Amino acid sequence: MSVDLEKILRPVDTPLPKFPAKYMTLANGQEMVVRQAERDEIPDILPHVEPLIHVERDFYNIVAARLYSELLAYYTYRVQDEYVLVAQIDGELAAIVNGRSVSPDVGMSYHTFSLRRGLRVGAHAFATKMEYHIDILKQKEVLIVAESGIGFRRWMIEYNLEKRFHIPHELGGCPSWSLTKELFDKARNTLVVGRRPVPEHLLAKAKAGILPPSDPPKGPEDLLAATRSMLDSTATSLIEMRRKQGGKIQ
Amino acid sequence: MREVYVAGIGITSFSRLEYPLVEIAAYPGLMALRDSGLKKVDHLYVANMGGGRINGQTGLASAVVDHMSLTPAGAETIENGPASGASAIKQGYMAIASGMHDVVMVIGAERMREANPLEATDFVATLTHPQAEYIYGVTLPALAGMFTRLYMEKYGVTARHLAMVAVKNHKNAMDNFYAHLHEDITIEGILDSPEASTNNPYVADPLRFYDVCPVSDGGACLILATAEVMKKINKPMIRLAGIGQATDTHCVHERKDPTELLAVREAARQSFKMAGVKPSDVSVAELHDAFTILEIAESEEVGFFKKGEGHLALERGETQIGGKIPINPSGGLKAKGHPVGATGVGQAHEIVLQLRGEAGKRQVKNAKVGFTCNFGGFGNNVVCLTFIKE
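Below you will find a few notes about this structure. Going along each chain's sequence as written, the residues are numbered from 1 onward. Naming scheme: in the order in which they are written, chains are lettered from A and ligands are numbered from 1. Per-residue local features are limited, in this predicted model, to residues with pLDDT of at least 70; the limit for side-chain atom pairs, both in listing and counting, is 80 or more; totals at the level of whole chains, interfaces and linings are taken over all residues. Only hydrogens and water are set aside when side-chain values are computed; all heavy atoms of the structure are taken into account.

## Some remarks on the sheet that holds strand β2 (residues 31–36) of chain A
Residues and elements named next belong to chain A. Two strands qualify as a pair provided that DSSP identifies no fewer than 2 bridges between them. Counting from the N terminus, the helices are the DSSP runs of H or I reaching at least four residues and the strands are the DSSP runs of E reaching at least two. Reading across from one edge, β1-β2-β3-β4-β5-β6-β8-β7 is the order of the 8 strands in this open sheet, with mixed pairing throughout. The open sheet terminates on both sides in strands that have one partner only, identified here as β1 (22–25) and β7 (162–168). Looking at each pair of strands side by side, their axes are set apart by 30° on average, direction ignored. Pairing of β2 with strand β3 (residues 82–89), which is carried by 5 bridges, proceeds in the antiparallel orientation. Looking across to β3, one finds that Val-34 is bridged to Ala-87. Axis lines are fitted through C-alpha atoms, for helices just across the contact stretch, and the angle between N-to-C directions can take any value from 0 to 180 degrees.

Set out below in structure tokens:
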């Protein structure tokens, strides 16, 4: 008797409502579209995430590595009920947010990843993700953790998240924080922005292709800082430097 | 007194620096030595405001002089709030002008982002009056907010004028590699769009997010020297020609008219008089725009425009690069950044670059006279410097 192992390994996704795309004007006057990425777009996204695995600044390395695996898991059906939203400016990939639905009442926020720093790009993308959970999926709460200080300020402090420390988050088993519908409603008028429908030309540009970010986050440019980070026990910078030099990675 | 010249300059990025305060101070010092070609200095002044409180580092100058292998040069730390940088330059000037030393290094350095934003704001607020202001929760953004409201009512300054300052300075910073913020913001994005209230929320009404400078790390350095030393090195002759310093009441509420920045007015007057120039002679200025309103107010108090007309000059584009008197071509504190103890030295660094003609895309044409205003407290201790290209 033959066994289709793939049927066992592949989780059965729950049909989730699609996220209706929206757009917003950034502080620099550019318009950013946030829309749901289809599964077959993941291979177009991964090459823009991979280089940041080697950026040893503001935890880009660990977030990029984890996000890469989450996107790959989504693409290859190895995670259940995951979704991916992308933020694009003139087609360029500006941010990626993802998460999954744990149950009809509970969402699990995975990552918020800005490829365009500043201008609240990440904050807008995170708020949109929360909108998806609370307003579209109609969930009562979203479980959240932060890997960086920036994330902690943006989520835990700005949204005044509640502690759910008895619930281990799926990211490293860390104690969870929760954005409830009540907290989201409080933040709705100050932190959550965006307009619908997205003008056709903006949406068409976004869907035409996910373009690489023109100014992605970089590691420390200052020589002295770079020297010091080479002394870091993770040696990430050293590995990256050797990689750029075409040398052998030990 | 002997004439004093700028022999060398150096600067770090004004952003978040991932190395200790001593190295933030030493790095621009090493750059300035390389720039000047000098190998030794007689004395070192290090301007710093928060080392003891934020970084647990006191006696900074002693650490820096040794870190740079400049011992046995004398070394002192100068703390004068956000005006520490220009105060240290003044000390350096006096040391050379008096004949005591021939070569003096002046460094400004700060590492503020070790503290979270709330702690950083609280740290800066400790320069307010402890019993009459600080104890009631006054912060610098709060004082600036009240000042702005008064200014708006008295002179007709609007939120749009404030945003114009921010847009101009952010645009200038786009051409400054060392600036903290490289965001080419627009009026639409921070004021007019439906998302503007989130992109640019109120911080201290009527001041919004983009009306306030960032919290920055950073260091800058000037090496000052005599004319005799300058003859031995091949550098442009940029003379520190004028220095003015003045104070005002510690408590802002004790001022007869809080919209009058008397210390700015007096410090500028002294500096211009000593240099033998008029405000109209100035080719380029770096003003202390920790809040956008301060650029407008200071541009009036130092004499570039009549009182109450700074915002009108801004409307006419007179403060842009290419305008009548370009202000903050570096991006100013608003976009270049504000590592408090380093700011005054950073301002002087930009003016020297401009007078040398080395400012790249943000170069002000034919710059001959440069001016800085370093604003300590909420205008209670101000140091102004005038530089002349010979």
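From this point, the narrative continues.
## Quick notes on helix α15 (residues 343–356) of chain B
All names here are of chain B. For a helix, the expected span equals 1.5 Å multiplied by the number of residues minus one. Along its 14 residues, α15 runs 20 Å from first to last C-alpha, staying within 8% of the 20 Å computed at 1.5 Å per residue. Along α15, 14 of the 14 residues are buried, which leaves the element largely enclosed by surrounding structure. Positive backbone phi, at 80°, marks Gly-357, one or two positions downstream of α15. Buried, partly exposed and exposed residues are distinguished by accessible area as a fraction of the type maximum, computed with a 1.4 Å probe on protein chains only: under 20%, between the cut-offs, and over 50%, respectively.

## Side note on empty space enclosed by the protein
Residues and elements named next belong to chain B. Every definition here rests on a 1 Å grid over the protein atoms only: cavities are sets of points where a 1.4 Å probe fits but cannot get out, pockets are open sets enclosed by protein on both sides within 12 Å along at least five of seven lines, and lining residues have some atom within 4 Å of a point. Grid points are joined across faces, edges and corners, and a volume is the space filled by probe spheres set on the points. The full count for this structure, using the stated rule, is 2 cavities of 30 Å³ or more. Here the largest cavity is characterised by a volume of approximately 40 Å³. Along its surface, the largest cavity is lined by Phe-14, Glu-286, Ser-330, Gly-332, Leu-333, Lys-336, Gly-337, Thr-343, Gly-346 and Gln-347. At 3 residues, the largest contribution of residues to the lining of the largest cavity is made by α15. Looking at the lining of the largest cavity, its residues break down into 2 nonpolar, 6 polar and 2 charged. Of the volumes computed, that of the second largest cavity is approximately 30 Å³. Looking at the second largest cavity, the residues that line it are Leu-127, Thr-128, Glu-133, Leu-140, Leu-143, His-250, Val-252, Gly-377, Phe-378 and Asn-380. Residue polarity follows a fixed list, in which Ala, Val, Leu, Ile, Met, Phe, Trp, Tyr, Cys and Pro are nonpolar, Asp, Glu, Lys and Arg are charged, and the others, Gly among them, are polar. Grouping the amino acids of the lining of the second largest cavity by side-chain chemistry returns 5 nonpolar, 4 polar and 1 charged.

## A short note on the pattern of salt bridges
Residues and elements named next belong to chain A. Throughout this description, the term salt bridge denotes a Lys or Arg side-chain nitrogen within 4 Å of a carboxyl oxygen of Asp or Glu. Counted by the stated rule, this structure contains 42 salt bridges over all chains. In this structure, Arg-39 and Asp-13 form a salt bridge, with 3.0 Å as the shortest nitrogen-oxygen distance. Of this pair, Arg-39 sits in the loop between β2 and α2 (42–49) while Asp-13 is found in the loop between α1 (5–9) and β1, placing the two residues 26 residues apart along the sequence. A relative accessible area of 29% means that Asp-13 is categorised as partly exposed.

## Re the side chain of Glu-131 of chain A
Residue position: Glu-131 of chain A is located in helix α4 (residues 121–136). In this structure the side chain of Glu-131 of chain A is engaged in a polar contact, spanning 3.0 Å, whose partner is the side chain of Arg-196 of chain A. Pairing of N or O atoms within 3.5 Å defines a polar contact, subject to two protein rules: one partner must be a possible hydrogen donor and the other a possible acceptor, and residues neighboring in sequence count only if both atoms are side-chain atoms.

## Here we look at the nonpolar core
Residue and element names in this part refer to chain B. Phe-291, Leu-294, Phe-304, Phe-371 and Phe-378 are the most contacted members of the largest nonpolar core, which totals 58 residues. Counting residues per element, this core draws most heavily on helix α6 (residues 140–155), which supplies 7 residues. Here Phe-304 is in contact with Phe-272, Pro-279, Val-282, Ala-285, Leu-287, Ser-299, Ile-325, Ile-327 and Phe-371, once residues within four sequence places are set aside. Remark: nonpolar core denotes a set of buried residues (Ala, Val, Leu, Ile, Met, Phe, Trp, Tyr, Cys) joined through side-chain atoms within 4.5 Å. One finds Tyr-45, Ile-78, Ala-86 and Val-345 within the second-largest nonpolar core, a separate group that totals 36 residues. By definition in these notes, contact holds between two residues if any of their heavy atoms fall within 4.5 Å.

## A short note on the interface of chain B and chain A
Each side of the interface is counted separately: chain B has 21 residues, and chain A has 27 residues. Summed over both partners, the accessible area (1.4 Å probe) lost when two parts come together is defined as the buried area. Summed over both partners, the interface of chain B with chain A comes to about 2,000 Å²; 50% of that surface belongs to carbon and sulfur atoms. Area buried by chain B at its contact with chain A is led by Glu-18, Glu-195 and Thr-198 of chain B, which between them contribute 30% of it. If you look at where chain B meets chain A, you find 2 salt bridges.

## Here we look at the environment of Gln-139 of chain A
Residue and element names in this part refer to chain A. Within the fold, Gln-139 resides in the loop between α4 and β6 (141–144). Considered as a pair, Gln-139 and Lys-7 are 132 residues apart in the sequence and their alpha carbons are 29 Å apart. Ignoring anything within four residues of it in the chain, the contact list for Gln-139 reads Ser-101, Val-102, Ser-103, Pro-104, Asp-105, Val-106, Gly-107, His-133 and Ile-134. Within polar-contact distance, the side chain of Gln-139 engages the side chain of His-133 at 2.6 Å.

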